[in-house]
Amino acid sequence: MSIYNTLCRNGPGCHFLAMGRCWFRHLNEVDDKMVELFELLARLPERIDRLQGIISKHQKEKEKQRRLILNKPVHQELKCTHESISNDVTDLLSNVSQLPPELHLAILHHFDLETVLGLDLPYNLLHKVLQLPRGEKLGSWLGRQLLEQDLGIIYVPGENTMFLANYHQEDEDGDGLSLKVSDLSPGLTPGAYKVRILQNGFDLVRVGCDFLSTQCGPVTCFHTAKTEHWASSFMCRGFSLQTETRTDLAPGIWEPKHSWHLPLGQSQGDRLRGSVDELKAPVFVISLQEEWWTRQWSHRRGRNYSVDSVAQGQEVNDGASEEELLGLGVVTNMQGEVVAYTISGGPVFAAYDPVDNPHSDEGWYNFSVSRYQYTGQIEQAGLIITGSQNDYGMPWLLEEEGIKFPDQEHYTGKQY
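Not measured: the values here are computed from a predicted model. (Residues numbered from 1 in each chain as written. Predicted model: local features only at pLDDT ≥ 70, side-chain atom pairs only at ≥ 80, totals over all residues. Heavy atoms only, no water.)

Caption draft 1: How the structure looks around the pattern of salt bridges. Counting across every chain of the model gives four salt bridges. Measuring nitrogen to oxygen at the nearest pair gives 2.9 Å for the salt bridge that ties R144 to E136. Owing to a relative accessible area of 22%, E136 belongs among the partly exposed residues under this scheme. R206 serves as the salt-bridge partner of E379, at 3.9 Å between the closest nitrogen and oxygen. Linking E379 in the loop between strand 13 (368-374) and strand 14 (382-385) with R206 in strand 5 (residues 201-206), this pair joins segments that are 173 residues apart in sequence. When its relative accessible area of 11% is taken as the criterion, R206 is described as buried. Connected via shared salt-bridge partners are D120, R206 and E379. (Salt bridge = Lys/Arg side-chain N within 4 Å of Asp/Glu carboxyl O. Buried < 20%, exposed > 50% of the residue type's maximum accessible area, 1.4 Å probe, protein only. Helix = DSSP H or I, 4+ residues; strand = E, 2+ residues; numbered from the N terminus.)

This is how it looks when you write it as structure tokens:
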């Protein structure tokens, strides 16, 4: 190495430097590039601050745009399940069982994922229709596919549990690193479910079945009736309900008989305050694996399959960019496997008994969980947290106002 590149040990007071005869390099002889580098380093903190500001602004804009997208359901308007499938397809489905087995797969391969899930195919046939890799578990594969396609549909395996945190997180004492939750049992019947958001509630029903919270049903439909009057027609439409009273979970009380704390410490990057992906109370959780919260996980908000007219009106009145609707969310582990589903991001949950006498505080100080099936069938079709009673046409109130409704004969002459 040349001595001219070696730093002089005499420093700036070098005698030879003063005489102009020093062969070594001095700091005051730094070339132009070094000067530019030092100046750049001096300005680096300022540039970092500016860059962080640009990134922050970009992230906020993306967050705003994503909120708007999430507030638009996959299906803006639901089609009647009895009219949405063409006669040709209906004939094909009704005759497919009569065809040779090798043709079953050839035909079913052409249907979209939602249609296939709605056919309630046997496990082995469904595995072949979806062309799963050998050794792949159906639940894990469907979880990833539904997450990727963002259809507002979830797949729930046999081993599942449900729990609820029905309070505003900022109102609960604690460090914010856990959720106080209460179990709802039993869990859901295994299968694929679609999610419909109500005002302060939600409706979960198996794919291929009708939502309780519409005017369609397995027996008949009332397309000219107001959708928000669904509670006054579900019996005629062919549904039966089993309702469990859980007053301890009402938002106006929230004193669960049994509760435990769900830790949030293993959450990865989604607990930023105000983020659409933040997991916080109030939240309803469908857990697919035991103690997934003890390992690293991430929560992401997805799109809803449907949003009812009352909740849509709430969105318009409150402003989509200011107030989030309740929405479907997905919890995944670090391997990308779906371990839980959530419904959160909005106000507290309210729930009234659809067939009981309504009260002014129904749903806020009296809380109910309703499960339903098609009349005459044993297998559960869905679960509904009905939401607040306001703006929904309750049968007792319609009877009181002299308004006719399909289920009227079940209420006429009764005391209320």
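Anyway, onward from the coordinates.
Caption draft 2: Just the nonpolar core, in detail. Within the largest apolar cluster, 49 residues are counted, with the highest numbers of intra-cluster contacts made by F284 and I286. Here the element with the most residues in this core is strand 12 (residues 338-344); it accounts for five residues. (Core = buried A, V, L, I, M, F, W, Y, C linked by side-chain atoms within 4.5 Å.)

Caption draft 3: Structural view of the sheet that holds strand 9 (residues 297-301). A sheet is described by the order of its strands in space; here seven strands give the open sequence 7-3-2-8-12-11-9, paired in antiparallel fashion. Looking at which strands have only one partner, the edges of the open sheet turn out to be strand 7 (260-263) and strand 9. Taking the axes of each pair of neighbouring strands and ignoring which way they run, one obtains an average angle of 30 degrees across the sheet. Across the sheet, helix 7 (residues 138-149) lies against strand 11 (327-333) and strand 12, angled at about 45 degrees from strand 12, the strand it touches most. (Pairing = 2+ DSSP bridges. Axes fitted to C-alpha atoms, helices over the stretch in contact; angles between N-to-C directions. Contact = heavy atoms within 4.5 Å.)

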